Amino acid sequence: MITRFAPSPTGHLHIGGARTALFNYLLARNQGGQFILRIEDTDVQRSKDEYTGAILDALTWLGLTWDGQPVFQKARAGLHREYVQKLLDTGKAYWCHCPPEEIEAKRQEALARGGKPRYGGRCRELGLGPAPGAAVRFKCPHSQSVGWKDLIKGRIVIDSQELDDLVLLRADGFPTYNLAVVIDDLTMNITHIIRGDDHVSNTPRQILLYQALGVQVPQFGHVPMILGKDKSRLSKRHGATSVMAYKEMGYLPEALNNYLARLGWSHGDQEIFSLKEMVELFSLKQVGKAASVFNPDKLNWLNAHYIKETPLETLGQLIWPYLAARDLICPNPDYLIKVAATVRERGKTLAELADKAEFYFLSLPKIDSTEAQKLLTPDNLANLKELGLELAQNPGLTHEAFDSLIQNMAQKKNVRIGAIAQPLRLALTGRTASPGLFEIMEILGPDNIQKRLNAALEWTS
RNA sequence: GUCCCCAUCGUCUAGCCUGGUCCAGGACACCGGACUUUCACUUCGGCAACAGGGGUUCAAAUCCCCUUGGGGACGCCA
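Residues numbered from 1 in each chain as written. Chains lettered and ligands numbered in written order. Predicted model: local features only at pLDDT ≥ 70, side-chain atom pairs only at ≥ 80, totals over all residues. Heavy atoms only, no water.

### Some details on unusual backbone geometry
No. 1: Located in the positive-phi region is Asn-189, a residue other than glycine, with phi close to 60°.
No. 2: With respect to the helices and strands, Asn-189 occurs in the loop between α5 (177–187) and β9 (192–196).
No. 3: Although it is not a glycine, Asp-327 sits at a positive phi angle of roughly 60°.
No. 4: With respect to the helices and strands, Asp-327 occurs in the loop between α11 (312–324) and α12 (333–343). (Helix = DSSP H or I, 4+ residues; strand = E, 2+ residues; numbered from the N terminus.)

Here is the structure:
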């Protein structure tokens, strides 16, 4: 078995492409086959090298390793032309001299009439030769039905009457997508073509091409589309679509892979899968036929899950770039591990975690003024001052001792524990929601605590 | 418009092929409770679906047909 992922470098790897790549990868690895990467760069205008690099980076980040070197389609144009010539020689293709504008006009006209916009086949039987501006078209066989047993959707049949004579070779001498894909899949011995649903209508054309060449037709499987919340095709207006954007937002590749796999594929009631496990369990039989809606909430849940599973040392290193981007300084590597331990269950993404951890690295926290007005009242400040004194006298306080200190104080002042704890939290972190007070104090250390306490005592809006 | 595909809780889905074990199971989200000095985590519980209509059958979420709804494609883009 040989599968392939064949993106065109006209943009970043998006969520849909990533899932297609994942399914190809899983299928190949599950069957002990090969997974090949082919860059479809025949659109010279829109293809960019930077996108090729970005796509490779994204696949690498996801851990979807491909076999061998990526194949560049443009470099194979000579091969494609050979096959076009072969089709020309056997009368399966012909030169077309029709001006593109004229064809386009007819197409629009047909569409406006409510008909099917197709090329009429003016040059089909004219026996024309090459000429400037001429293209080669496939002589699509008439009145025959083309069908295949789709690996995901089951039997699909289309009347060849629905198809027109597609262009194989453009006037600029470059092959078109449909020709190039067929020749490449054929010559690269691709056995299973797993691609997006939007290619279903290309499949009968391509099958006809395989047949015209007299070669075996590979297996096709079309994975359903990913939709946005409004059930329209997933696009930028639904939020981030590029894989690397998810990386930047602080999603883990494990989470994205897991989410994408579960979007369409299932294995009973199981929700959590490592990539290795997916490889073992994957089967196209368990891929659904219907399009599915991208649900960020569930991705978040998975991401939180994998964040919790990540070893603290690793997690610290993953969070650090987000902190470093804010020009913060890390006192020592151990500090980061301790910090990570206190925030890891409090956020869904690395970016969120970093945000919650920022106060640890600030020389003084940015105190929320709304909360300060509520909490830093004269009474509370008096308590805070007293608490500061106590803490200064007992720098090596145990967790238990700290708890009873606060409790006793609350009792003595006849206030709720929160009346003591919340102003302290605000002084230490600048916020009213944070990791546990004692955990924070352990990490901050006595000097830092006093400094923050003093700053809070002098706080003015 | 034409052709193709699809249809189970708000969302992802199990079940459908091989009808009865399903007054439909799990997960996310949501809503309550417990835990708790905050936020969160965890935990317990709850809400919530077989698109509609016809068949077939003793019996249909499961098989067939129609309707409706949704998606995709119709490029000298990929």
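Resuming the write-up.
### Describing the protein's contact with RNA strand B
No. 1: In the vicinity of RNA strand B lie 62 residues, with Arg-107, Gly-114, Arg-170, Glu-345 and Arg-346 positioned nearest.
No. 2: If you look at RNA strand B and keep only atoms within 4 Å of the protein, 73% of those are sugar or phosphate atoms.
No. 3: Between RNA strand B and Glu-40 there is a distance of 3.4 Å, counted from a sugar or linking oxygen to a backbone nitrogen or oxygen.
No. 4: One of the backbone N or O atoms of Gly-264 is found 2.6 Å from a phosphate oxygen in RNA strand B.
No. 5: Looking at the surface near RNA strand B, the elements with two or more residues in it are α4 (100–113), β7 (154–159), β12 (292–293), α10 (296–309) and α17 (417–429).
No. 6: Here the residues of the surface near RNA strand B are counted per class, giving 21 nonpolar, 17 polar and 24 charged. (Near = heavy atom within 4 Å. Polar contact = N/O pair within 3.5 Å; in protein donor to acceptor, adjacent residues only side chain to side chain. Nonpolar A, V, L, I, M, F, W, Y, C, P; charged D, E, K, R; others polar.)

### Observations concerning the packing of aromatic side chains
No. 1: Across all of its chains, the model carries 12 aromatic pairs by this definition.
No. 2: Their ring planes at 65° and their centres at 6.1 Å tell us that Tyr-246 and Phe-294 sit as a pair that is edge-to-face. In this pair, Tyr-246 is assigned in helix α7 (residues 243–248) and Phe-294 in the loop between β12 and α10, connecting sequence segments 48 residues apart.
No. 3: Judged by its relative accessible area of 6%, Tyr-246 falls in the buried class.
No. 4: Ring-pair connections join several aromatic residues into one group, and the members of that group are Phe-23, Trp-265, Phe-273 and Phe-282.
No. 5: Looking at Arg-137, its charged tip hangs above the ring of Tyr-119, at a distance of 3.6 Å from the centre. (Phe/Tyr/Trp six-rings, centres within 6.5 Å; stacked < 30°, edge-to-face > 60°. Buried < 20%, exposed > 50% of the residue type's maximum accessible area, 1.4 Å probe, protein only. Lys NZ or Arg CZ within 6 Å of the ring centre and 35° of its normal.)

### So, the pairing of strand β6 (residues 145–150)
No. 1: Every second residue of β6 is oriented toward a common face, the buried set being Val-146, Trp-148 and Asp-150 and the non-buried set Ser-145, Gly-147 and Lys-149.
No. 2: Connecting β6 to the next strand, β7, in antiparallel fashion are 3 residues. (Pairing = 2+ DSSP bridges.)

### Comments concerning the packing of α12 against helix α13 (residues 350–361)
No. 1: Following both chains from N to C, one finds α12 and α13 inclined at 130°, their axes separated by 10 Å at the closest point. When the interaxial angle is binned, α12 and α13 end up oblique. Along this stretch, α12 crosses α13, giving a crossing that reads as right-handed. Taking contact as the criterion, the partners of Tyr-335, Leu-336, Val-339, Thr-342 and Val-343 in α12 are, on α13, Leu-353, Lys-356, Ala-357, Tyr-360 and Phe-361. (Axes fitted to C-alpha atoms, helices over the stretch in contact; angles between N-to-C directions. Parallel < 35°, antiparallel > 145°, perpendicular 65-115°, else oblique. Left-handed = near helix turned anticlockwise from the far one by under 90°. Contact = heavy atoms within 4.5 Å.)

### Focus: the nonpolar core
No. 1: Of all hydrophobic cores here, the largest spans 96 residues; its most connected members are Tyr-360 and Leu-424.
No. 2: It is helix α1 (residues 15–30) that contributes the most residues to this core, 9 residues altogether.
No. 3: Leaving out residues up to four positions away in the same chain, Leu-424 has contacts with Leu-384, Leu-387, Phe-402, Ile-406, Leu-437, Met-441 and Leu-453.
No. 4: Of all hydrophobic cores here, the second largest spans 35 residues; its members include Val-71, Leu-168, Ala-212 and Leu-213. (Core = buried A, V, L, I, M, F, W, Y, C linked by side-chain atoms within 4.5 Å.)

### As for helix α16 (residues 399–413)
No. 1: Helix length check: α16, at 15 residues, gives a terminal C-alpha distance of 21 Å against a target of 21 Å (1.5 Å per residue), a fit within 8%.
No. 2: Check the buried side of α16 and you find it contacts α15 (378–393), α17 and α18 (437–444).
No. 3: Directly beyond the C-terminal end of α16, a positive phi value near 60° is found at Asn-414. (Expected span 1.5 Å × (residues − 1).)

### Notes on the pattern of salt bridges
No. 1: A complete count under the given rule lists 30 salt bridges for this structure.
No. 2: Residue Asp-198 pairs with Arg-233 through a salt bridge whose shortest N-O separation is 3.1 Å. Of this pair, Asp-198 sits in the loop between β9 and α6 (202–213) while Arg-233 sits in the loop between β11 (226–227) and α7; the two residues are 35 residues apart in sequence, bridging distant segments of the chain.
No. 3: Exposure remark for Asp-198: the relative accessible area of 37% places this residue in the partly exposed category.
No. 4: One salt bridge connects Arg-262 with Glu-271, and the closest N-O pair in it is separated by 3.2 Å.
No. 5: Its relative accessible area of 24% is what places Glu-271 among the partly exposed residues.
No. 6: Members of the salt-bridge network, linked through shared partners, are Arg-4, Arg-38, Glu-40, Arg-76, Asp-184 and Asp-185. (Salt bridge = Lys/Arg side-chain N within 4 Å of Asp/Glu carboxyl O.)

### Topic: the side chain of Thr-176
No. 1: Examined against the element boundaries, Thr-176 turns out to sit in the loop between β8 (167–169) and α5.
No. 2: Residue Thr-176 is classed as buried on the basis of its relative accessible area of 12%.
No. 3: When sequence neighbours within four positions are dropped, the list of residues in contact with Thr-176 reads Val-167, Leu-168 and Arg-170.

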